[in-house]
Amino acid sequence: MSILKNFLNNLQTHVIAVFSLLLFLSFAAVGLAFNLTVNRYVTTSAASALAEARAKDLALPYISSQGWVMRTLGGDGRILISEVNTFIWHDDTSYSPHREAIVSALRTTLPMGADYPMADGRLRVDGHVFFVLLCDYDVLTVYYLDATNSLHFMAVVNRLLLLLVTLTWVFSMIIAVFLADSMVRPLRLLRDSVKKIGSGDFSPTDLHFRNEEFEELNQSLNQTARQLAGYDNDQKIFFQNVSHELRTPLMAIKSYAEGIKHGVMPINRSADTILDATDRLTEMVNDILYISRMDSLTPPIMENENLCAIAKERVKYQSQVAKNRGIIINFVHDDEPIMIQCAKRSIDRAVDNLISNAIRYAKQDITIECYAIGSRAILRVTDDGEGFDKEALPYVFERFYKGKNGLAGIGLSMVKSIIDQHKGIATAENGNEKGAVLTISLPRVK
């Protein structure tokens, strides 16, 4: 049962079955149309010939009440039929081909002694097919026409058509098998490629297909495999870096806790170190959780927000941290709202990370500018620190990149991911005099 089910669900079987059905219906329609047309032609031509013979007899002079002057009328050659013959039903002395057989057949069809109206029809007698016309004048007169040759010709053509259909069907099925196989074989190869990707092997295949659609699908699968390979590699590196970065504050917490336990570390100093390490650990865990949510395929809900208002709110939130470090934040912005379409919590976090990064490396001053240029909303954060190393500039937005005298982290990489998610641009550069300049550019909503 399962074998039959698999057979019926097979694409190649479906293609062959549908092709066979369409071929059968086409030939059946052609055969039916041919037979109907020829049969109608023969019937119409025979009726016309019989009617013509009867009309000619009606034009002859009347002889007696015993009958009519009878004669044989030749056919006009329009179809492969015999000439029209006539005989008087009760005239036993007249001779006409097939007379006796036709009379015998008609006696079984027509009741004796009945009033015979004019009638026409087809009669099969002695292997012949006749078209018969009965006319009841003073005596019953029979007109008949032998159409055996014509119908035999139609039968021969039908047999030739059947032979042609059989041969055509056989060759068509051979073509259909090759055609179906040419469709199914690439699908099977692509199926194997998908299975390989599903098993964790992301190496691109070297398959090539002549059909454009299969080749495009193959290239798409290879591109998907490369993207998954990159994503898998990023995940491995990410977790390696996470484990390494988490180990540092954890080891500090453990070391100072053991020092307190054994009485070799001052309690207050150890407590401060443990609290700092815990804060750092909490911050990293929150960043990691946020990145895991951000990397999901679910798009954020976008709303129209004022970028300057967001920046002003985040400056106020970070002002105490900056004050504790002796840093002044200067916020310069346009008076008019600069509207963007964004997920506010994401932009809040991106701006927070920009300000936190500036506070970490600034000496005294941080300048935050919010303005619009054409269709773009710009937020620029400038600090008066040492700036970026030239070698580090291409990598500042990479996760866990550690520059010279810098701290490894994911803050700026998170900014880049958030801005990319909002179809914006994040850039990093050094100022003209000193310090680092981080800029984000987002599409503006008018």
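Below or above, wherever it landed, is the structure these notes cover. (Residues numbered from 1 in each chain as written. Predicted model: local features only at pLDDT ≥ 70, side-chain atom pairs only at ≥ 80, totals over all residues. Heavy atoms only, no water.)

Regarding the overall build of the protein chain
Link 1 in the chain: The helix and strand tally for the protein chain stands at nine helices and 11 strands.
Link 2 in the chain: Per-residue burial over the protein chain gives 35% buried out of 446 residues.
Link 3 in the chain: The contacts in the protein chain between residues at least 6 apart in sequence include a share of 64% that link residues at least 24 apart.
Link 4 in the chain: Summed over its atoms, the accessible surface of the protein chain is roughly 27400 Å², and 58% of this surface lies on carbon and sulfur atoms. (Helix = DSSP H or I, 4+ residues; strand = E, 2+ residues; numbered from the N terminus. Buried < 20%, exposed > 50% of the residue type's maximum accessible area, 1.4 Å probe, protein only. Contact = heavy atoms within 4.5 Å. Areas by Shrake-Rupley, 256 points an atom, 1.4 Å probe, with all protein chains shown as cover.)

Structural notes on a nonpolar patch on the surface
Link 1 in the chain: A cluster of nonpolar side chains, L163, L167, W169, V170, F171, I174 and F178, forms an exposed patch at the surface whose accessible area comes to about 730 Å².
Link 2 in the chain: Relative to the assigned elements, I174 resides in helix α4 (residues 148-198). (Patch = residues over 30% accessible without salt bridge, like charges linked within 9 Å, V, L, I, M, F, W, Y side chains within 5 Å. Salt bridge = Lys/Arg side-chain N within 4 Å of Asp/Glu carboxyl O.)

With respect to the pattern of salt bridges
A side chain with one charge may pair with a side chain of the opposite charge, provided their charged atoms come close.
Link 1 in the chain: Scanning all chains against the criterion turns up seven salt bridges.
Link 2 in the chain: Measuring nitrogen to oxygen at the nearest pair gives 2.8 Å for the salt bridge that ties K416 to D420. One end of the pair, K416, and the other, D420, are both in helix α9 (residues 411-421), four residues apart, so they sit about a helical turn from each other.
Link 3 in the chain: Several salt bridges converge on common partners, so that one network encompasses E313, R314, K344, D348 and D352.

Quick look at unusual backbone geometry
Link 1 in the chain: Despite not being glycine, K423 has its phi angle at roughly 60°, a positive value.
Link 2 in the chain: Inspection of the secondary structure assignment puts K423 in the loop between α9 and β10 (425-430).

A few points about a negative patch on the surface
Link 1 in the chain: Taken together, the side chains of D272, D276, D279 and E283 make up a negatively charged region of the molecular surface.
Link 2 in the chain: Here D279 shows up in helix α6 (residues 267-294). (Lys, Arg positive; Asp, Glu negative; His and termini not counted. Charge placed at Lys NZ, Arg CZ, Asp CG, Glu CD.)

Details of the nonpolar core
Link 1 in the chain: One finds I347, I366, I368 and L379 to be the most contacted residues of the largest nonpolar core, which totals 39 residues.
Link 2 in the chain: With seven residues, helix α8 (residues 344-361) is the largest single contributor of residues to this core.
Link 3 in the chain: Not counting the four nearest positions on each side in its chain, I347 is found in contact with L307, I310, C342, I418, I419, H422 and L442.
Link 4 in the chain: With 15 residues, the next largest nonpolar core counts V38, A46, A49 and F131 among its residues. (Core = buried A, V, L, I, M, F, W, Y, C linked by side-chain atoms within 4.5 Å.)

Details of the environment of G387
Link 1 in the chain: Inspection of the secondary structure puts G387 in the loop between β9 (376-383) and α9.
Link 2 in the chain: When the C-alpha positions of G387 and A358 are compared, they lie 9.9 Å apart, and in sequence the two are 29 residues distant.
Link 3 in the chain: Beyond its immediate stretch of four places on either side in the chain, G387 contacts N430, G435 and A436.

Topic: the sheet that holds strand β8 (residues 365-373)
Link 1 in the chain: Strand order across the open sheet formed by five strands is β6-β8-β9-β11-β10, with mixed pairing between neighbours. The open sheet has two free edges, formed respectively by β6 (328-333) and β10, since each of these has just one partner strand. This sheet shows a mean twist of 15° between the axes of neighbouring strands, independent of strand direction.
Link 2 in the chain: Sheet topology note: the β9/strand β11 (residues 436-443) ladder contains seven bridges and is antiparallel. Residue pairing in the sheet places V381 in a bridge with L438 of β11.
Link 3 in the chain: Lying on the sheet, helix α7 (residues 307-324) is in contact with β6, β8 and β9; it crosses β6 at an angle near 170°. (Pairing = 2+ DSSP bridges. Axes fitted to C-alpha atoms, helices over the stretch in contact; angles between N-to-C directions.)

Comments concerning the packing of aromatic side chains
Link 1 in the chain: As enumerated under the stated definition, the model contains zero aromatic pairs in all.
Link 2 in the chain: Of note, R314 hangs over the ring of Y317, and the distance from its end group to the ring centre comes to 4.7 Å. (Phe/Tyr/Trp six-rings, centres within 6.5 Å; stacked < 30°, edge-to-face > 60°. Lys NZ or Arg CZ within 6 Å of the ring centre and 35° of its normal.)

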